[in-house]
Amino acid sequence: MNDINTIYYNDFGIAFQWKRSLGKDFKKVQLVFKDTGMYLTPGELMHFSSKVDDTLDNLCLCYDCQNKETCKAYLLQTPLGQLSFALTYAELEKIKDLITGTIFQLRLDTMLKNQSIDFD
């Protein structure tokens, strides 16, 4: 864990950036969940966030379904056109938290880095 800077995590996954080493793009975010890792730019992360929101906004809930909690009936598109995930509703909520928390922390870090404090 000495090779990463953790940005945000929850019980579903973790978002981090690699510390300086050869061959890594330090502006990209490594998002790891469900045994999958995605290496995304901040713009791709924002795009992924909108894909999660679109999926949650357009859910077709099967009210008479006995397997609502475990049904992997929701297809989440990603910013990588050839990759999508089949997730449960609970997993969609957790990935939304993971992405939203990551974006928030990245913005906060940027804002704090750009602030200068004058103690005089």
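These numbers come from a predicted model, not from an experiment.

**Here's the deal with the packing of helix α1 (residues 42-57) against helix α2 (residues 89-114)**
Two measures define how a pair of helices packs: the angle their axes make with one another and the distance between the axes. Contact geometry for α1 and α2: axes closest at 10 Å, N-to-C directions at 145°. Considering only the axes of α1 and α2, their crossing is left-handed. Residues Leu45, Met46, Phe48, Ser49, Val52, Asp53, Thr55 and Leu56 of α1 pack against Tyr89, Leu92, Glu93, Ile95, Lys96, Ile99, Thr102, Ile103, Leu106 and Arg107 of α2. Its residues assigned to classes, the contact of α1 with α2 shows 11 nonpolar, three polar and four charged.

**Details of the environment of Ile103**
Tracing the backbone shows Ile103 in helix α2. For the pair Ile103 and Tyr8, spaced 95 residues apart in sequence, the C-alpha separation works out to 9.0 Å. Ignoring anything within four residues of it in the chain, the contact list for Ile103 reads Leu45, Met46 and Ser49.

**With respect to the side chain of Gln30**
Note that Gln30 resides in strand β3 (residues 29-33). Classification of Gln30 by relative accessible area gives buried; the value is 13%. Here Trp18 takes part through its side chain, which lies 3.4 Å from a polar atom of the side chain of Gln30. Beyond its immediate stretch of four places on either side in the chain, Gln30 contacts Ile14, Ala15, Phe16, Trp18, Gly37, Met38 and Tyr39.

**Quick word on the nonpolar core**
In summary, soluble globular proteins display a tendency toward joint burial of nonpolar side chains. Counting 22 residues, the largest nonpolar core has Leu31, Phe33, Phe48, Ile95 and Ile99 as the members making the most contacts within it. Ranked by residue count, the leading element in this core is α2, at six residues. Not counting residues within four places of it along the chain, the set of residues in contact with Phe48 comprises Leu31, Phe33, Met38, Leu40, Leu76, Gln77, Thr78, Pro79, Phe85, Ile95 and Ile99.

**Notes on the pattern of salt bridges**
Summed over all chains, the structure comprises three salt bridges. For Lys34, the salt bridge identified is with Glu91, shortest N-O distance 3.3 Å. With a gap of 57 residues between them, Lys34 in the loop between β3 and β4 (36-40) and Glu91 in helix α2 connect regions that are remote in the sequence. A relative accessible area of 31% means that Lys34 is categorised as partly exposed. Owing to a relative accessible area of 15%, Glu91 belongs among the buried residues under this scheme. In this structure, Asp53 engages Lys96 in a salt bridge whose closest nitrogen and oxygen atoms are separated by 2.6 Å. Taken as a pair, Asp53 in helix α1 and Lys96 in helix α2 lie far apart in primary sequence, 43 residues in all. Under the relative-accessibility criterion, Asp53 is labelled partly exposed at 27%.

Reading the values: rules and limits
Residues numbered from 1 in each chain as written. Predicted model: local features only at pLDDT ≥ 70, side-chain atom pairs only at ≥ 80, totals over all residues. Heavy atoms only, no water. Axes fitted to C-alpha atoms, helices over the stretch in contact; angles between N-to-C directions. Helix = DSSP H or I, 4+ residues; strand = E, 2+ residues; numbered from the N terminus. Left-handed = near helix turned anticlockwise from the far one by under 90°. Contact = heavy atoms within 4.5 Å. Nonpolar A, V, L, I, M, F, W, Y, C, P; charged D, E, K, R; others polar. Buried < 20%, exposed > 50% of the residue type's maximum accessible area, 1.4 Å probe, protein only. Polar contact = N/O pair within 3.5 Å; in protein donor to acceptor, adjacent residues only side chain to side chain. Core = buried A, V, L, I, M, F, W, Y, C linked by side-chain atoms within 4.5 Å. Salt bridge = Lys/Arg side-chain N within 4 Å of Asp/Glu carboxyl O.

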